[in-house]
Amino acid sequence: MRQARADEYAEFAAVRAGHLYRSACLLTAGDTHLAEDLVQETLGRLYVSWHRVSRAGNPAGYAQTVLTRTFLAQKRRRSSTERATDAVPESADTRGGDTALRLTLLDALAQLSAKDRAVVVLRYWEDRSVEETADVLHVSSAAVRTRCVRALARLRTLLGEDLAEYAAA
């Protein structure tokens, strides 16, 4: 029985790790090392309670909730402001795509507060409803709507004409 659960967890982790990593990268505004740490901590927490999580109706949603709450808890710690600035990335982005747009968007996300960034990622990257986002963040639906409006307005201000320029290219 334990081996079956361990195998089930390993399969779940293998399938969801990439998606969790992409979400974590957005939450951390492109800090890949912190994103990896968040995913590891999330998967560790899921492993500890996998017997309960596996019986839940939506283990993937539960994992995303754990990731978001772990990120917000980490941002509240004083040590979360440490960032290595002189380190060279280990590898280049070989996925292609519009690198300039990606960097511009990540820079704009980095300028949002942690909660605003979490709301934007949950609502628009994860495509969650207002109610689901409110449940994950432990706030009211009205607070999510307010944060969405303010965060999007801030992003529009930060991106200004740059976004239209990149979208037209």
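Calculation rules
- Residues numbered from 1 in each chain as written.
- Predicted model: local features only at pLDDT ≥ 70, side-chain atom pairs only at ≥ 80, totals over all residues.
- Heavy atoms only, no water.
- Helix = DSSP H or I, 4+ residues; strand = E, 2+ residues; numbered from the N terminus.
- Expected span 1.5 Å × (residues − 1).
- Buried < 20%, exposed > 50% of the residue type's maximum accessible area, 1.4 Å probe, protein only.
- Contact = heavy atoms within 4.5 Å.
- 1 Å grid on protein atoms, 1.4 Å probe; cavity = no way out; pocket = protein on both sides within 12 Å on 5 of 7 lines; lining within 4 Å.
- Points joined across faces, edges and corners; volume = space filled by probe spheres on them.
- Nonpolar A, V, L, I, M, F, W, Y, C, P; charged D, E, K, R; others polar.
- Polar contact = N/O pair within 3.5 Å; in protein donor to acceptor, adjacent residues only side chain to side chain.
- Core = buried A, V, L, I, M, F, W, Y, C linked by side-chain atoms within 4.5 Å.

1. Comments concerning helix 4 (residues 59-76)
The end-to-end C-alpha distance of helix 4, which contains 18 residues, comes to 26 Å, matching closely the 26 Å that a straight helix rising 1.5 Å per residue would cover. Along helix 4, the residues classified as buried are Gly61, Ala63, Gln64, Thr65, Val66, Leu67, Thr68, Thr70, Phe71, Leu72 and Gln74. The secondary structure elements touched by the buried residues of helix 4 are helix 1 (2-27), helix 2 (32-48), helix 6 (114-125) and helix 7 (130-137).

2. Considering the layout of surface pockets
Computed from the structure, the second largest pocket encloses a volume of approximately 150 Å³. Counting only elements with at least two residues in the lining of the second largest pocket, the list comes to helix 4 and helix 7. When residues in the lining of the second largest pocket are grouped by element, the largest group, four residues, is from helix 4. Looking at the lining of the second largest pocket, its residues break down into one nonpolar, four polar and five charged.

3. Digging into the environment of Val119
Structurally, Val119 is set in helix 6. Assessed through its relative accessible area of 1%, Val119 is described here as buried. C-alpha separation for the pair Val119 and Val136, spaced 17 residues apart in sequence, amounts to 9.6 Å. In contact with Val119, not counting residues within four places along its chain, are Thr133, Leu137, Val144, Arg147 and Cys148.

4. Considerations on the environment of Ser23
You can see Ser23 is positioned in helix 1. Taking relative accessible area as the criterion, Ser23 reaches 0% and is therefore assigned buried. It is 7.5 Å that separates the C-alpha atoms of Ser23 and Trp125, two residues lying 102 residues apart in sequence. Setting aside its immediate chain neighbours within four residues, Ser23 contacts Gln64, Leu67, Val121, Trp125 and Glu126. A polar contact of 3.1 Å, which involves the side chain of Ser23, links it to the side chain of Trp125.

5. Topic: the nonpolar core
Within the largest apolar cluster, 41 residues are counted, with the highest numbers of intra-cluster contacts made by Leu43, Leu46, Leu67, Leu109 and Leu137. At the level of secondary structure, the elements contributing two or more residues to this core comprise helix 1, helix 2, helix 3 (50-53), helix 4, helix 5 (99-110), helix 6, helix 7 and helix 8 (141-168). The biggest single contributor to this core is helix 1, with eight residues. Every residue in contact with Leu67, bar those within four places of it in the chain, is listed here: Leu20, Ser23, Ala24, Leu27, Leu38, Val39 and Thr42.

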